[in-house]
Amino acid sequence: MKYLSEWDQWKRYSSKSWKRFIGKAREMTTHLELWRDDIRSIEGKFGTGIQSYFSFLRFLVLLNLVIFLIIFMLVLLPVLLTKYNITNSTFVLIPSKDTDVQCTVYPISSSGLIYFYSYIIDLLSGTGFLEETCLFYGHYTIDGVKFQNFTYDLPLAYLLSTIAYLALSLLWIVKRSVEGFKINLIRSEEHFQSYCNKIFAGWDFCITNRSMADLKHSSLRYELRADLEEERIRQKIAERTSEETIRIYSLRLFLNCIVLAVLAACFYAIYRATIFSQEHMKKEIDKMVFGENLLILYLPSIVITLANFITPMIFAKIIHYEDYSPGFEIRLTILRCVFMRLATICVLVFTLGSKITSCDNYSCELCGYNQKLYPCWETQVGQEMYKLMIFDLIIILAVTLFVDFPRKLLVTYCSSWKLVQCWGQQEFAIPDNVLGIVYGQTICWIGAFFSPLLPAIATLKLIIIFYVKEISLLYTCRPSPRQFRASNSNFFFLLVLLIGLCLAIIPLTISMARVPSSKACGPFTNFNTTWEVVPKTVSTFPSSLQSLVHGVTSEAFAVPFFMIICLIMFYFIALAGAHKRVVVQLREQLSLESRDKRYLIQKLTEAQRDMKNRLDWQ
């Protein structure tokens, strides 16, 4: 028996105590999870597929809360501490030297007699009294905050907060998606393995409700039927003649042209609606009636919502004529809907960008942007994102209250009507609901730079959506017969969310690096673009550190670094290929061993039969 010294004994005891403490802490934190009991109840009644949607919703609530805390700590807190004299600090305002006076004009909303409904319009559109609050970019027209021992660089902090929440979102999403990707990769390796998983491991043991158990039975039957249908289509594809192949590919090409035409029509409608709204929203409120003014303000949001509502139905009809397998039909339809929903936001942002940078007068050429129509263009972009966020919430509440609940009442009390029988009860379609909240999250990512408090609004919105969707699921909806596994769902949700994040980064990068910043408002009035604050900050570093930064960002460093990254990537690709070949060999070996065992069992059975026959003869 090996003797342990007192030091080794103490290390082992400390390690065990630390592991025990970590285990207890994790057990305690599980009781502090947001909506833990609600999500477990949903999981028990409706299975892990729908539970994964609500878990995903909880993840977005936490993500937006962390994003808000980052912006609050870096941007809002120093401003509030100085504004309300909580600390001994003052604002630093540096006068613009090379900026023309025309570019610094920012007309303030006129005071005086204000109609009551104008407050409602301001609340819904972010104009009026809300425009001058800390909700929008224009409120932070500050160059710094001077404390006793240092000066806080607010423009740099504002830019760093944007980079920080985008980087945090990317890392968090990638971290959560890795596990789901591994499971999906394993499950997609072999069709025979898919059959085995469905038959021997397809049951969801979290289900305790009888109706949900029946639904799970039908779901497994549907999945097996779908797999058999895919096998039939594969066999059909293998048996196609050249004429049939040319015909089906020609039909798909024609139908994809129709899809592109539908997308182009939607994008053009959004473009025209945005142009019309921006050209007419400058009228005075007293020259319009209440409904007209609200319609003008919300016209782009209305057109985007209609496009998101109509196009999925068109895509679902078109996909039936393209002769794809059932699984690929679902994935392609979802991919088209994802592109449609997220691209509409980018079309809106780029349309606004084209209007902001279009110069048709002297002041526009002088300032670098259309200062006459957009004296503080960042605030007005933030207002558009704010309107999209509010209108999306209004639509979700309206559909639940005025469509789902009446539909449930009709199905319950008027089930004998043929029209009601054809309409049926509302299904809780997981992909559609996921696309809705990813759409809202993409708006939040884009708008957080222009409206720093938008993540807080998104957090409250997602909390409301959680309870609304939970009530709708329990009382008005039935689960979709096409159920999702939790692992497949989580990976799919995060993949769509990652696409939304990538699309959000594109307009943000262009607006920060290419579009001139407003000279009349915001923390970047003394910079041509938002990104110029970075080289200015680097110029204040010591000469040795400046040389290091310039060396790291130079082409002499970037080219070798890129080559090394490519070599590492090729190494891991080759390693993955080698591992895959080993896995194939091991599978073949297992198959051979099973054949050998089957052969031996067959020979043993024949030997026993011969022995029995000999004994019978004797």
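Residues numbered from 1 in each chain as written. Predicted model: local features only at pLDDT ≥ 70, side-chain atom pairs only at ≥ 80, totals over all residues. Heavy atoms only, no water.

A.B. asks: I'd like a description of helix 14 (residues 430-450), backed by residues and values.
C.D. replies: Its 21 residues give helix 14 an end-to-end C-alpha distance of 31 Å, which sits within 8% of 30 Å, the value for a rise of 1.5 Å per residue. Among the 21 residues of helix 14, 20 are classified as buried, and the element is accordingly described as predominantly covered. (Helix = DSSP H or I, 4+ residues; strand = E, 2+ residues; numbered from the N terminus. Expected span 1.5 Å × (residues − 1). Buried < 20%, exposed > 50% of the residue type's maximum accessible area, 1.4 Å probe, protein only.)

A.B. asks: Pulling in residues and values, what's your account of the confidence of the model for the protein chain?
C.D. replies: Averaged over the protein chain, the pLDDT score is 79; the fraction of residues at 70 or greater is 85%. No element of the protein chain has a lower mean pLDDT than helix 6 (residues 191-201), at 66, and none a higher one than helix 15 (residues 454-475), at 91. (pLDDT = per-residue confidence, 0-100.)

A.B. asks: Help me get a handle on the packing of helix 12 (residues 377-413) against helix 15, residues and values and all.
C.D. replies: Between helix 12 and helix 15, the least distance of the axes is 11 Å, while the angle of their chain directions is 10°. Viewed along their axes, helix 12 and helix 15 adopt a mutual orientation that is roughly parallel. Side by side, helix 12 and helix 15 meet where Met 385, Tyr 386, Met 389, Ile 390, Asp 392, Leu 393, Ile 396, Leu 397, Thr 400, Asp 404, Phe 405 and Lys 408 of the first sit next to Leu 454, Ile 457, Ala 458, Lys 461, Ile 464, Ile 465, Val 468, Lys 469, Ile 471, Ser 472 and Tyr 475 of the second. For the contact of helix 12 with helix 15, the residue count by class is 16 nonpolar, two polar and five charged. (Axes fitted to C-alpha atoms, helices over the stretch in contact; angles between N-to-C directions. Parallel < 35°, antiparallel > 145°, perpendicular 65-115°, else oblique. Contact = heavy atoms within 4.5 Å. Nonpolar A, V, L, I, M, F, W, Y, C, P; charged D, E, K, R; others polar.)

A.B. asks: Describe the state of the cysteines, listing the residues and the values that go with them.
C.D. replies: One pass over the full model with this rule turns up one disulfide. Here Cys 376 pairs with Cys 521 through a disulfide, and the sulfurs are 1.8 Å apart. Looking along the S-S bond of the Cys 376-Cys 521 disulfide, the torsion reads about 85°, which is the right-handed sense. Residue Cys 376 is located in the loop between helix 11 (362-367) and helix 12, and its partner Cys 521 is located in the loop between helix 16 (486-513) and helix 17 (533-538); the two are separated by 145 residues in the primary sequence. (Disulfide = S-S within 2.5 Å.)

A.B. asks: Residues and numbers for a positive patch on the surface, please.
C.D. replies: A surface patch of like charges, here positive, comprises Arg 12, Lys 16, Arg 20 and Lys 24. With respect to the element layout, Arg 20 can be found in helix 1 (residues 6-31). (Patch = residues over 30% accessible without salt bridge, like charges linked within 9 Å, V, L, I, M, F, W, Y side chains within 5 Å. Areas by Shrake-Rupley, 256 points an atom, 1.4 Å probe, with all protein chains shown as cover. Salt bridge = Lys/Arg side-chain N within 4 Å of Asp/Glu carboxyl O. Lys, Arg positive; Asp, Glu negative; His and termini not counted. Charge placed at Lys NZ, Arg CZ, Asp CG, Glu CD.)

A.B. asks: Give me the sheet that holds strand 3 (residues 151-152): which residues, what numbers.
C.D. replies: Consider a sheet: its strands pair through backbone hydrogen bonds, and that pairing is either parallel or antiparallel. The strand order across the open sheet formed by three strands is 1-2-3, and the pairing between neighbours is antiparallel. Where the open sheet ends on each side, the last strands, each with one partner, are strand 1 (90-92) and strand 3. With three bridges joining them, strand 1 and strand 2 (residues 144-146) adopt antiparallel strand pairing. Across the sheet, the residue bridging to Thr 90 is Lys 146, located in strand 2. (Pairing = 2+ DSSP bridges.)

A.B. asks: Kindly report on the UniProt feature "transmembrane region" (unreviewed entry) in the protein chain, identifying the contributing residues and their values.
C.D. replies: Under the UniProt annotation, the feature "transmembrane region" (unreviewed entry) is placed at residues 56-81, 156-174, 253-274, 295-321, 385-403, 445-468, 489-510 and 557-578. The distance from the first to the last C-alpha atom of residues 156-174 is 27 Å, and the span holds 100% helix and 0% strand. The span residues 557-578 carries 100% helix and 0% strand; its end-to-end C-alpha distance comes to 32 Å. (UniProt positions renumbered as here; feature names shortened; annotations may be inferred.)

A.B. asks: Lay out the pattern of salt bridges with the relevant residues and their values.
C.D. replies: Per the counting criterion, the structure on display carries four salt bridges. Here Asp 392 and Lys 461 are joined by a salt bridge, their closest N and O atoms 2.6 Å apart. On the criterion of sequence distance, the pair formed by Asp 392 in helix 12 and Lys 461 in helix 15 is long-range, its members being 69 residues apart. With relative accessibility at 11%, the residue Asp 392 sits in the buried group. A salt bridge links Lys 603 to Glu 606, with the nearest nitrogen and oxygen atoms 3.9 Å apart. Taken as a pair, Lys 603 and Glu 606 lie in helix 19 (residues 555-617) at a separation of three residues, close to a single helical turn. Residue classification places Lys 603 among the partly exposed residues on the basis of a relative accessible area of 41%. Owing to a relative accessible area of 29%, Glu 606 belongs among the partly exposed residues under this scheme.

A.B. asks: Give me the lowdown on the nonpolar core, citing residues and values where you can.
C.D. replies: General note: in soluble globular proteins, nonpolar side chains tend to be found buried as a group. Core analysis: the largest hydrophobic core is formed by 115 residues, its most contacted members being Tyr 53, Phe 54, Phe 56, Tyr 165, Trp 445 and Phe 449. Here this core takes 15 residues from helix 3 (residues 48-83), the largest share from any one element. Those residues in contact with Phe 54, other than ones at most four positions away along the chain, are Ile 39, Ile 42, Phe 428, Phe 466, Lys 469, Glu 470 and Leu 473. (Core = buried A, V, L, I, M, F, W, Y, C linked by side-chain atoms within 4.5 Å.)

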